[in-house]
Structure formats: C-alpha cells, structure tokens
Amino acid sequence: MSNAEQPQDMTRRQFLSTVGKVGGSLAVFSLMGNLGLLSPETMKAQDYTPPGKNDLALSNRNGKKIIILGAGIAGLTAAYELGKAGYQCTVLEAKPFAGGRNWSIRKGTTNQEIGGTRQYSQFGSDLYFNAGPMRIPQFHSTLEYCREFNIPIEPFNNVNDSGYYYNENVGALSGQRITKRAAKADVRGYVSEMLAKAVNQSALDLPITPEEKEKLVEYLRREGDLNADLFYRGSSRGGYKEEPGSRLDAGVVRDPFDLTAILQSGFGNYFSNEYGYDQQMMMFHPVGGMDMIVKGFEKRLGNRVKLNAPVTEIRQSGDGVRVRFTQNKKEQEIIGDYCICTIPLSVLRTIPGDFSPSMKSAIQNARYASAGKIGLQFKRRFWEEDELLFGGNSLTNMDITQIYYPPTDYFGKKGILLGYYATGANADKLGSMSYIERERHALNQGAKIHPQYKTEFENSFSIDWKKIKYQEGAWVSYNAEERAGMYKTLCQPDNRIYLAGDHISHIVAWQAGAIDSARAVVKDIHQRVMKA
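Residues numbered from 1 in each chain as written. Predicted model: local features only at pLDDT ≥ 70, side-chain atom pairs only at ≥ 80, totals over all residues. Heavy atoms only, no water.

- As annotated in an unreviewed UniProt entry, the protein chain is FAD-dependent oxidoreductase from Paenibacillus urinalis.

Pasting the structure below:
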C-alpha cells in the first residue's frame, strides 16, 4: 500500500489489530519483528524476514548462534522463528525423528521402550495412530502454523452422543453399554425435575423474585425436557426403542431408566469431560496425521536439525554456551551464544549441566504424569457399519478408560481405534504389562463394549510415555505451590540458557503450550541481543 493509499489516521495498534484479525497472532508476531517491536530499539526491516530468502547472509550479518536442544514442537518453533530473524540455529535431537510427543505411528514404525523389547507396527499403509497429541482446539496457536505451512485440517469430533458409557459395579446398570444420549437425557431430566419442584415449593433459599423463579423453572423445564407438570417421563433426546419413519410411523421413544439406577451408574460424572475450555467443539486435526505439522517445520528447517544426537553435557560461561553430544558414535561439541533447552525435565535432570542451584532444584523436583495409548487395527469399521458411530468416544470405569473412534476416512475399509487412552494409576498398570499383555487387556475389556473386537481385530501398537526413551513422562504436573515457586524459576533464563516447552506454559500437554513458550523465548533472546 502506498502512502497515498494508507489511512493517515490509523494508529500502529489499530494496524496490528487489523493484521491479527486477518492472519492471526502468527502474522502479528512476524510483523512486529519487521516493525522493530520485538525490542526496545528500532529494528531494521531486513533483520526479521520470512524464511527461505538470504538466510545464510542474514545469519552471517547477525553473527549470533543459538543452540536448540530437542526437536519437539517447542524446539522446531524456536528454530523456525529465529531463522526468520536471521539467527544461525542448530537443533540437536536425541531420537531418530523430530516432533517429540507429536508422533504418528505408521506402518514400519519401530520402538523399544525402556526395559522392554522392540515393537514393530504392522498397520495398513494408509492408516496411522497419533500416539501423542490427537486434537487441536480452534483457538490454539498450533493452527496458525497449519495455515502458514498450508497443512489441510479437518474436524476432530470430540463429542458424539452415539458413543457409549459402560461402568462396572455401579448398581442396576452395571455391565451395560448405555448410549450417551440416553444417559444425558435421563440425568438432566431427573435433576431438572428436582430443582424445578424445589424452586416452585420455595425449598431453595434463593434471593430471587417470583418472576425470576418463573423464568428459572421455565429454563429447567426446557433443560430437562419436562412435562407441563414438571415431571420427567422420558424424552426423544435419549433416543427411540423404534425409530420414527415414513407416513404414520412416529416411532416409540425409549423408556427412561429409574432415578436410582441412573444416579448409581455414575454416568453423570462423565458429562463435564466435554465442558472443559480446551475440550469444547470445534476441534481439529491435520489431514493425514498430527505429524504433518512436524513435516511442515522440517521442510523449512532442513539440515539445521540433527537427529540421533543425544546431548551428554551442557556448559556455559559469561559469553557463550558449549554443548557436547553424540552422533554416529562420535563425541562432538558445538559452541553458541545462547541455548534454548526444550529437553523434558525428566531427562534433563540426568544430563550434567551448568545450572544455578535454584534451577537444578526446580528441574530435579518436576513431576511428570503417566499416560499411555494403544492403537487397535480392525479389518472392518464395524463401529460405523454396525452401529452408525462416526467419531467421538466411549467412556468407562474399566482400566482402558476410553475408546476413540477415528474422525477421518469414514466408510473406509479398515480403521484404527484408540483402544485406550489411560492416565495416572491406570496408565501405570497398563504400562507395566508387555506389549502383548496390553493388547489382550485392551481387547478383553473393549469387547464388553464392542463384541466385534473378537472377530475383527488385526494388530496393535502401544505406548507408555514414561518408558519412551528421551521422553520419560507424558507432561509436567504442577500444583499451586509449585506454580508459585519452582515454576517461576524454570521460566527465567539461567545465564545464557533458556527453557522452553509445554512445561514452561500454562497449557501443559498441548502443542500450543510448546509453541507459545518458544515464541516467548525467541522474543527474549532477540531483545537481549539488540540491547547488547
């Protein structure tokens, strides 16, 4: 836009706001670099440019070298953004692949868990299983890189009321698979009935007027689909015993479960799973697997990422950082001006390093959660063909916790179910088993919900994140005291070393936490360099 075309009364803040509405925060982040807003001083426009143009010249002119430890999403983000700003980056990754927990299991994938044997994936050539992140909330910064890298996305239907609840040892409904829609209709119906009657009888000490009580009762009547007399006698929301059809066929609405049975079932405790801020629809995932995001970064970073290069030592002084690592069975060393360490704290604590006492203590005391998954391949998509169940999940109080149905390739011949996604004690129990024992356990428990498991199963691949080498945990778990104490230490630079990753964010376990953390560190290093 020429000066004649640009509105003279538009402030810089308004301009950035307009850019954000069109291109998202990633566009604003890059534009701020171009405008010199990532540092107190004015920055020349050519000091922050999109990658791919004159990168070497920019690196030479800038002269600063950044060593990035770990090629997970945080490390890849940091390298990509620093590259745009003209810094020379080297990323060291211990594993034979980039992405960290962003790991899609495909045909031919192999893995040997700590203390275990080697596992080989026999999945079909056109199938995959996301062992780590599998969905992206629509407001997460992760989607901005999908847009920038032209990675197509599709909906991840986190919610599907055709799925089931199945609990054991809970009274009359024990051992019965109940559709979510039926359980939801009955729980909401009975609870709404009780509240509506209590309001009408002034049994609740509420500081509201008679008119407001009337409105509250009307809300409860609609929420629970109550009759005019405020009784819940069932609802079409819960489904039909006989489906409605053509002409005079109105169908037959299912009978509700009795109040005692539905309360004892515990099904209502599952509802809040859908209400969490980061679980609400819409959610998305990349077409072809979550690792499409990793491939997008790799395409742009090229040989700046060194794989099979585990770090063995981290040293620093007042004017630089020295990192030793092993590659091709040779000890090597790299020197840089600054270091961004994204290595999980569960692993970092085992690597000799020049950290301050407070940083060492924070790293040592970080607690990692347990989590595990198993992908089960079936010869046909029986959940779609037999039960008209497309995506979403089923929940249970058995060890397997939950089953997720693939939200893609509907009507395909074969498919992979997420046979369990377990955390905490359930994950530890499953993780202590061998691969074949996990498979048998998942099949035995899953068959109680889907009897077709027994005849349609083909093969599996399972993951226990505490046993994945160079990971050794799913995500950090902070309590309020740790957030107020050691977490603040982890967020601060330790001389020339900065930590980044979802563990340095309030969005732990999500890729957006890693991305946002990496961006913050990039900004901090750039400001520090500009001040020097």
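The rest of the description comes next.
1. Side note on the overall build of the protein chain
In step 1: Secondary structure summary: the protein chain contains 17 helices and 24 strands in total.
In step 2: Looking at the protein chain as a whole, 52% of its 532 residues are labelled buried.
In step 3: Considering only contacts in the protein chain between residues 6 or more positions apart, those separated by 24 or more positions represent 69%.
In step 4: Carbon and sulfur atoms make up 51% of the accessible area of the protein chain, which amounts to about 24900 Å² in all. (Helix = DSSP H or I, 4+ residues; strand = E, 2+ residues; numbered from the N terminus. Buried < 20%, exposed > 50% of the residue type's maximum accessible area, 1.4 Å probe, protein only. Contact = heavy atoms within 4.5 Å. Areas by Shrake-Rupley, 256 points an atom, 1.4 Å probe, with all protein chains shown as cover.)

2. As for the nonpolar core
In step 1: Within the largest apolar cluster, 39 residues are counted, with the highest numbers of intra-cluster contacts made by Ile66, Ile68, Leu82, Ile293, Phe297, Ile340 and Ile525.
In step 2: At the level of secondary structure, the elements contributing two or more residues to this core comprise strand 1 (65-69), helix 3 (73-84), strand 2 (88-92), helix 4 (142-148), helix 8 (292-301), strand 18 (338-341) and helix 17 (511-531).
In step 3: Among the nonpolar cores identified, the runner-up in size contains 31 residues, and Leu92, Ala362, Leu499 and Ile504 belong to it. (Core = buried A, V, L, I, M, F, W, Y, C linked by side-chain atoms within 4.5 Å.)

3. As for unusual backbone geometry
In step 1: The step from Met281 to Met282 runs through a cis peptide bond, and the omega angle for that step is 10°.
In step 2: Among the secondary structure elements, Met282 is positioned in the loop between helix 7 (259-265) and strand 13 (283-286).
In step 3: One non-glycine residue, Leu230, adopts positive backbone phi at about 70°.
In step 4: Position of Leu230 relative to the elements: it lies in the loop between helix 6 (210-224) and strand 11 (240-242).
In step 5: The backbone of Ala509 shows a phi angle near 80°, a positive value even though the residue is not glycine.
In step 6: You can see Ala509 is positioned in the loop between strand 24 (497-499) and helix 17.

4. Details of the pattern of salt bridges
In step 1: The full count for this structure, using the stated rule, is 30 salt bridges.
In step 2: A salt bridge links Arg322 to Glu333, with the nearest nitrogen and oxygen atoms 3.3 Å apart. Residue Arg322 is found in strand 16 (residues 321-327), and its partner Glu333 is found in strand 17 (residues 330-336); the two are separated by 11 residues along the sequence.
In step 3: By relative accessible area, which is 38% here, Glu333 ends up partly exposed.
In step 4: Put simply, Glu482 and Arg367 hold a salt bridge, and the shortest N to O gap is 2.8 Å. Of this pair, Glu482 sits in helix 15 (residues 480-484) while Arg367 sits in the loop between helix 10 (357-365) and strand 19 (371-378), and the two are 115 residues apart along the sequence.
In step 5: In the salt-bridge network here, residues are joined through shared partners; they are Arg322, Arg324, Glu331 and Glu333. (Salt bridge = Lys/Arg side-chain N within 4 Å of Asp/Glu carboxyl O.)

5. Things to note about the sheet that holds strand 1
In step 1: Taken in spatial order, the 5 strands line up as 14-2-1-18-24 in an open sheet, and their pairing is parallel. On the outer flanks of this sheet lie strand 14 (305-306) and strand 24, each paired with one strand and no other.
In step 2: Both strand 1 and strand 18 contribute to a ladder of 4 bridges, which runs parallel. Directly across from Ile66, in strand 18, lies its bridge partner Tyr338.
In step 3: Of the strands in this sheet, strand 1, strand 2, strand 14 and strand 18 touch helix 3, which is tilted by about 165° from strand 1. (Pairing = 2+ DSSP bridges. Axes fitted to C-alpha atoms, helices over the stretch in contact; angles between N-to-C directions.)

6. As for the side chain of Glu384
In step 1: Topologically, Glu384 is positioned in helix 11 (residues 382-385).
In step 2: Polar contacts involving the side chain of Glu384 include one to the side chain of Arg381, which spans 2.9 Å.
In step 3: In this structure Glu384 touches Leu389, Phe390, Tyr410 and Phe411, once residues within four positions along its chain are discounted. (Polar contact = N/O pair within 3.5 Å; in protein donor to acceptor, adjacent residues only side chain to side chain.)

7. Some details on the environment of Tyr277
In step 1: Within the secondary structure layout, Tyr277 lies in the loop between helix 7 and strand 13.
In step 2: Judged by relative accessible area, which is 59%, Tyr277 ranks as exposed.
In step 3: Note: C-alpha distance between Tyr277 and Pro137 (140 residues apart in sequence) is 8.9 Å.

8. What about the state of the cysteines?
In step 1: Applying the stated criterion to the full structure yields 0 disulfides.
In step 2: No disulfide involves Cys341; its sulfur sits 5.6 Å from the nearest other cysteine sulfur, which is in Cys339. (Disulfide = S-S within 2.5 Å.)

9. With respect to the sheet that holds strand 13
In step 1: Here we have 3 strands laid out as an open sheet, ordered 7-13-8, and antiparallel in their pairing. If you trace the sheet from one side to the other, it starts and ends with strand 7 (136-137) and strand 8 (153-155), each paired once.
In step 2: The sheet contact formed by strand 8 and strand 13 spans 3 bridges and is antiparallel. Note on strand 13: the bridge partner recorded for Pro155 is Phe284.

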